[in-house]
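Structural overview for review
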Amino acid sequence: MSNEDCFRILEDIARDLSGEVVSFPTFLDITFQVRTALRKPDLTIEHLGRLISAEPLMSTKIIRLANSVAMNPSGRAIVDVNSAIARVGMEVVRSVSFAVAMEQLLSSKKMAPFEVLSKRLWEHTMQVAALSRVLARRLTKVSPDEAMFAGLVHDLGVFYLLSRAVNFPALVDEPAELHELLVQWHDSIGHALLAAMGMPEELLLVVQEHEQDRTIVTLKTLGDVLFVANKLANVQHGWRDSLFCEPLDPARLSELFDAEALQAVLAESTEDLASLKSALST
């Protein structure tokens, strides 16, 4: 891809993010399962929250709505899905899920050239979300729900870049060039995308800096949690293609975990991930 093509796609993204409506596909099946669950008369907020938390665009929209002036006159920011659902109500969730499902249905066929990458990215996303929740719960005072949400949206920029790349045949035909674009720009695009959706400033910075290398001895902040969760997930569930880059090195995490502690975290995150997948299959 030429520099001119790269400029054109970034220019296209800038126009989209400056508009009032930002829309792109992530994982259509999950959205439809949320809509099916909403038809159940005995559905609880907790069950609905687990389903919505597995769809980053939908959960972002629900949280944004919960933080709007109409829904949140106190101005106290909500950054976890269950609290957002409790504030806006299930009927609003129903409307949002329908809108997101339609957006994804209209866009999903265009994403066919990136099907393998999209699924790999989604597996990575769920792994980071599960790890973030476990790390926050075991080792910090950070809200596990907030940590899980950060994990779900941390690579939203990659999904968004893919949705725009389908409009540029040169990228579709050049996977190495596409990979370079995704690696180089996904953090900044994710920050801009979440800003356009009205997400809290803390979350914007955490997403933008989740791959900035650093040494962490003690987990304290949401940024620490997401950085470590992403490093751990990349060991077995990275989205990057090994043909085009070296695997990310998690070795520096040995300063944070001994072998026994690391295995305990990974085992617990596996349970969380299995629970999430189980919720999605009902």
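A brief report on the enclosed structure follows. This is a predicted model, so every value here is computed, not measured.

Moving on to the overall build of the protein. If you tally the helices and strands in the protein, you get 14 helices and zero strands. In the protein, the succession of helices and strands from N to C terminus is α-α-α-α-α-α-α-α-α-α-α-α-α-α. The buried share of the protein, taken over its 282 residues, is 50%. Within the protein, contacts between residues separated by at least 24 positions form 74% of all contacts whose residues are at least 6 apart in sequence. Carbon and sulfur atoms make up 54% of the accessible area of the protein, which totals about 13200 Å².

Where helix α7 (residues 115-139) contacts helix α8 (residues 144-153), the two axes come as close as 7 Å, and the packing angle between them is 155 degrees. As far as their axial angle goes, α8 and α7 are roughly antiparallel. Regarding α7 and α8, the two cross each other, and that crossing is right-handed. Listed contacts from α8 to T125, V128, A129, S132, R133, A136 and R137 of α7 are P144, D145, A147, M148, G151 and L152. Residue composition of the contact of α7 with α8, by class: seven nonpolar, three polar and three charged.

This brings us to the side chain of H210. Turning to its location among the elements, H210 is positioned in the loop between α12 (201-208) and α13 (222-237). Assessed through its relative accessible area of 1%, H210 is described here as buried. Reaching out from H210, the side chain makes a polar contact with the side chain of D155 at a distance of 3.4 Å. Beyond its immediate stretch of four places on either side in the chain, H210 contacts H154, D155, H186, D187, L226, F227 and N230.

This part covers the nonpolar core. By size, the foremost hydrophobic cluster in this structure holds 83 residues, and its most contacted members are I52, I62 and V228. The biggest single contributor to this core is α7, with ten residues.

Take the pattern of salt bridges next. In the structure shown here, the tally under the stated rule is ten salt bridges. For D12, the salt bridge is made with R15, and the minimal N-O distance between the two is 3.5 Å. Placement of both D12 and R15 in helix α1 (residues 3-17) is noted, with a separation of three residues, approximately one turn of the helix. For R15, a relative accessible area of 52% gives the class exposed. Across the pair R164 and D16 runs a salt bridge whose closest N-O atoms are separated by 3.8 Å.

Helices that pack against each other are described as a pair by the angle of their axes relative to one another and the distance between those axes. At a closest axis distance of 9 Å, the pairing of helix α3 (residues 45-52) and helix α5 (residues 81-88) adopts a crossing angle of 120 degrees. Here α3 lies oblique to α5, going by the angle between them. Relative to α5, the crossing made by α3 is right-handed. From α3, I45, E46, L48, G49 and I52 reach across to α5, where they touch V81, N82, I85 and A86. For the contact of α3 with α5, the class distribution of residues is six nonpolar, two polar and one charged.

A separate point is α13. With 16 residues, α13 should cover 22 Å at 1.5 Å per step; its first-to-last C-alpha distance of 21 Å lies within 8% of that length. In terms of burial, α13 is a largely internal element, 13 of the 16 residues being buried.

In this fold, S59 is placed in helix α4 (residues 56-66). The spatial distance from the C-alpha of S59 to the C-alpha of V79 is 9.8 Å, given a sequence separation of 20 residues. Filtering out sequence-adjacent residues up to four positions away, S59 remains in contact with I52, S53, V81 and F149.

Another aspect to go through is the environment of D187. Along the chain, D187 turns up in helix α11 (residues 175-196). By relative accessible area, which is 15% here, D187 ends up buried. Apart from residues no more than four positions distant in its own chain, D187 is found in contact with V207, Q208, H210 and E211. At 2.7 Å, the side chain of D187 and the side chain of H186 are in polar contact.

Conventions used here
Residues numbered from 1 in each chain as written. Predicted model: local features only at pLDDT ≥ 70, side-chain atom pairs only at ≥ 80, totals over all residues. Heavy atoms only, no water. Helix = DSSP H or I, 4+ residues; strand = E, 2+ residues; numbered from the N terminus. Buried < 20%, exposed > 50% of the residue type's maximum accessible area, 1.4 Å probe, protein only. Contact = heavy atoms within 4.5 Å. Areas by Shrake-Rupley, 256 points an atom, 1.4 Å probe, with all protein chains shown as cover. Axes fitted to C-alpha atoms, helices over the stretch in contact; angles between N-to-C directions. Parallel < 35°, antiparallel > 145°, perpendicular 65-115°, else oblique. Left-handed = near helix turned anticlockwise from the far one by under 90°. Nonpolar A, V, L, I, M, F, W, Y, C, P; charged D, E, K, R; others polar. Polar contact = N/O pair within 3.5 Å; in protein donor to acceptor, adjacent residues only side chain to side chain. Core = buried A, V, L, I, M, F, W, Y, C linked by side-chain atoms within 4.5 Å. Salt bridge = Lys/Arg side-chain N within 4 Å of Asp/Glu carboxyl O. Expected span 1.5 Å × (residues − 1).

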